[in-house]
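Structure at a glance
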Amino acid sequence: MNVSRVIVPHDQLLAPSLDPVAEKLAAAGYAVWRPPQALSPSGWTDELPRADVVVLTPRTRFGTAEIEAAPRLKGIVFPTIGVEALDLAAADAAGLVVGNGATIEAIESMAEANVMLMAALLLDLPGKSGALRRSGWRDGTVRASMLRGKTIGFIGFGRIARATLARLAGWKVRAIYYDPYAGRDAASPEGAAPVEDLAALLRASDIVNVLVDLTAETRGMVGAAELAMMRRDAYLVNIARGAVVDEAALAVALREGTIAGAALDAFATEPLAPDSPLRGLDNVILTPHNIGHTRELQESFIPATYENVVRIARGEPPLYFKNPQVLPKWRERLARLTP
């Protein structure tokens, strides 16, 4: 019987999830190879041609060249939700399934964090905590407002957006969405209403919530022109991907008061540069791309990643699936791989 070979790279940030996965796979009889973390798998030359499944991290770039170097490959697995380190179009073209860590804990942790950031912005948490640090007490000025009755605009209306809205049910908000992937559907079961285009969402929203993947279509989709469409008392929250927003234009908008404030957990280049113009602004919340990271989320990645690898190695679709549309082509690839 052929032993399935799996590549599971070392990754300092994901070690609590990936190390147990590698151990479980080895204990189950898989041949596991653990290369050091690298931005590109240039040192994988000897192993890629023998790999059946590759586990990737958000810091391991994997594209056409790597896919072509792995003729036995059945699929790719990310422990995380995001798969931007992979050339997904190349994976689709090759008929490779891509599993990810879209567990319920991951979705709900991000949704809880999203609600927290929205409430923190409206209640002026940056200003209030800054006032205490600077002067020792409040000055009598009230800039905060209630979340109740506000219009929340979701750019992208996938699982995290829907889970966020579910957690806002008692806040009596109005929700609208623009989804460049789902199109303009009828009103969602969650009570959100679609809008005709991005401009309509930006003009109507008290809070603009960015929740789309980073693609050629979404890169830079919120720039200077879009920020200018927002109201001066509106806020921007981005817990998705940094490059969806033009950070330089956002820094100008925040400094000049074009919008009231922002909360950012993702940046175009990470870590955020020490000289970023976003640093030092008193109307922005900045977190290091971990705002929704919880113990529950991290623990959920272990069984999800393991199960995704095992299923793909057996010729079954992964439990959590980034590209289900590739299934027919994947089955054709598996048929070619079967001796």
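Whatever comes next refers back to the structure up there.
This text gives an overview of the structure that appears in the document. Keep in mind it's a predicted model, so treat the numbers as computed, not measured.

1. A look at helix H1 (residues 15-27)
Look at H1: 18 Å from first C-alpha to last across 13 residues, which is about the 18 Å you get at 1.5 Å a residue. When we look at burial in H1, the residues that qualify are Ser-17, Leu-18, Val-21, Ala-22 and Leu-25. Here the buried residues of H1 occupy an arc of 125° about the axis, which is enough to place them on one side. Turned more than 90 degrees from where H1 packs its buried face, Glu-23 and Ala-27 sit exposed. Along its buried surface, H1 packs onto strand S1 (5-7), strand S2 (31-33), strand S3 (53-55) and helix H10 (295-314). Downstream of H1 by a residue or two, Gly-29 has a phi angle that is positive, lying close to 100°.

2. As for the nonpolar core
Residues Ile-155, Leu-236 and Leu-250 are the most contacted members of the largest nonpolar core, which totals 32 residues. At the level of secondary structure, the elements contributing two or more residues to this core comprise strand S7 (174-178), helix H7 (198-204), strand S9 (207-210), helix H9 (247-256) and strand S11 (261-264). At 5 residues, H9 tops the list of elements feeding residues into this core. Here Leu-250 is in contact with Leu-227, Leu-236, Val-245, Ile-259, Ala-262, Leu-264 and Leu-278, once residues within four sequence places are set aside. In terms of nonpolar packing, the next biggest core, distinct from the first, is built from 31 residues, Ala-120, Ile-160, Ile-207 and Val-237 among them.

3. Structural notes on the pairing of S11
Burial of S11 is two-sided: the residues Gly-261 and Ala-263 facing one way and the residues Ala-262 and Leu-264 facing the other way are all buried. Pairing geometry for strand S10 (residues 235-238) and S11, over 4 bridges, is parallel. Note on S11: the bridge partner recorded for Asn-238 is Leu-264. Pairing analysis gives 3 bridges linking S11 to strand S12 (residues 284-286), with the strands arranged parallel. Residue Ala-263 lies in a different strand from S12, and its bridge partner there is Ile-285.

4. Description of the sheet that holds strand S8 (residues 193-194)
With respect to topology, 7 strands assemble into an open sheet ordered S8-S7-S6-S9-S10-S11-S12, the strand pairing being parallel. Of all strands in the sheet, those with a lone pairing partner are S8 and S12, marking the two edges. In this structure, S7 lies alongside S8, joined through 2 bridges in parallel fashion. Considered in S8, the bridge of Tyr-177 is made with Pro-194. Sheet contacts for H9: S10, S11 and S12; angle to S11, the most-contacted strand, approximately 140°.

5. Details of the side chain of Ser-300
With respect to the helices and strands, the residue Ser-300 is situated in helix H10. Among the polar contacts made by the side chain of Ser-300, one reaches the main-chain carbonyl oxygen of Leu-297 at a distance of 2.7 Å. The residues contacting Ser-300, other than those within four sequence positions of it, are Thr-103, Glu-105 and Ala-106.

6. Brief notes about the packing of helix H4 (residues 104-122) against helix H6 (residues 159-167)
Running from N to C, H4 and H6 point in directions that differ by 55°, and their axes come no closer than 8 Å. Here H6 runs oblique to H4, going by the angle between their axes. You can see that H4 and H6 cross each other, and the crossing is right-handed. Of the residues in H6, those in contact with Ile-104, Ile-107, Glu-108, Met-110, Ala-111, Glu-112, Asn-114, Val-115 and Met-118 of H4 are Arg-159, Ile-160, Ala-163, Thr-164 and Arg-167. Partitioning the contact of H4 with H6 into residue classes produces 8 nonpolar, 2 polar and 4 charged.

7. Some words on the packing of aromatic side chains
On inspection of all chains with the given rule, the structure shows 4 aromatic pairs. Measuring from centroid to centroid gives 6.3 Å for Trp-33 and Trp-44, while their planes differ by 85°, and the two rings are edge-to-face. Taken together, the positions of Trp-33 in strand S2 and Trp-44 in the loop between S2 and S3 put the pair 11 residues apart, joining distant regions of the chain. Every member of this aromatic cluster is reached through a ring pair, and the members are Trp-33, Trp-44 and Phe-62. The ring of Tyr-306 is capped by Lys-24, whose NZ or CZ atom sits 4.4 Å from the centre of that ring.

8. Remarks on the pairing of S10
Burial along S10 is two-sided: Tyr-235 and Val-237 facing one way and Leu-236 and Asn-238 facing the other are all buried. Strand direction decides the pairing type here: S9 and S10, joined by 4 bridges, are parallel. Residue pairing in the sheet places Val-210 in a bridge with Asn-238 of S10. Between the parallel pair S9 and S10, the chain is carried across by helix H8 (residues 224-229), and the sense of this crossover is right-handed. After leaving S10, the chain enters H9 and then returns to the sheet as S11, a path that is right-handed.

9. A closer look at the environment of Ala-253
In this fold, Ala-253 is placed in helix H9. When sequence neighbours within four positions are dropped, the list of residues in contact with Ala-253 reads Leu-227, Thr-258 and Ile-259.

10. Re the packing of H4 against H10
Between H4 and H10, the shortest axis-to-axis distance is 8 Å and the interhelical angle comes to 160°. By the criterion of interaxial angle, the relationship of H4 to H10 is roughly antiparallel. Seen along the crossing, H4 lies across H10 with a hand that is left-handed. Across from Glu-105, Ala-106 and Ser-109 in H4, the residues of H10 making contact are Glu-296, Leu-297, Ser-300 and Phe-301. Partitioning the contact of H4 with H10 into residue classes produces 3 nonpolar, 2 polar and 2 charged.

Thresholds applied
Residues numbered from 1 in each chain as written. Predicted model: local features only at pLDDT ≥ 70, side-chain atom pairs only at ≥ 80, totals over all residues. Heavy atoms only, no water. Helix = DSSP H or I, 4+ residues; strand = E, 2+ residues; numbered from the N terminus. Expected span 1.5 Å × (residues − 1). Buried < 20%, exposed > 50% of the residue type's maximum accessible area, 1.4 Å probe, protein only. Arc of directions from axis to C-beta. Contact = heavy atoms within 4.5 Å. Core = buried A, V, L, I, M, F, W, Y, C linked by side-chain atoms within 4.5 Å. Pairing = 2+ DSSP bridges. Axes fitted to C-alpha atoms, helices over the stretch in contact; angles between N-to-C directions. Polar contact = N/O pair within 3.5 Å; in protein donor to acceptor, adjacent residues only side chain to side chain. Parallel < 35°, antiparallel > 145°, perpendicular 65-115°, else oblique. Left-handed = near helix turned anticlockwise from the far one by under 90°. Nonpolar A, V, L, I, M, F, W, Y, C, P; charged D, E, K, R; others polar. Phe/Tyr/Trp six-rings, centres within 6.5 Å; stacked < 30°, edge-to-face > 60°. Lys NZ or Arg CZ within 6 Å of the ring centre and 35° of its normal. Right-handed = clockwise from strand over helix to strand, strands pointing away.

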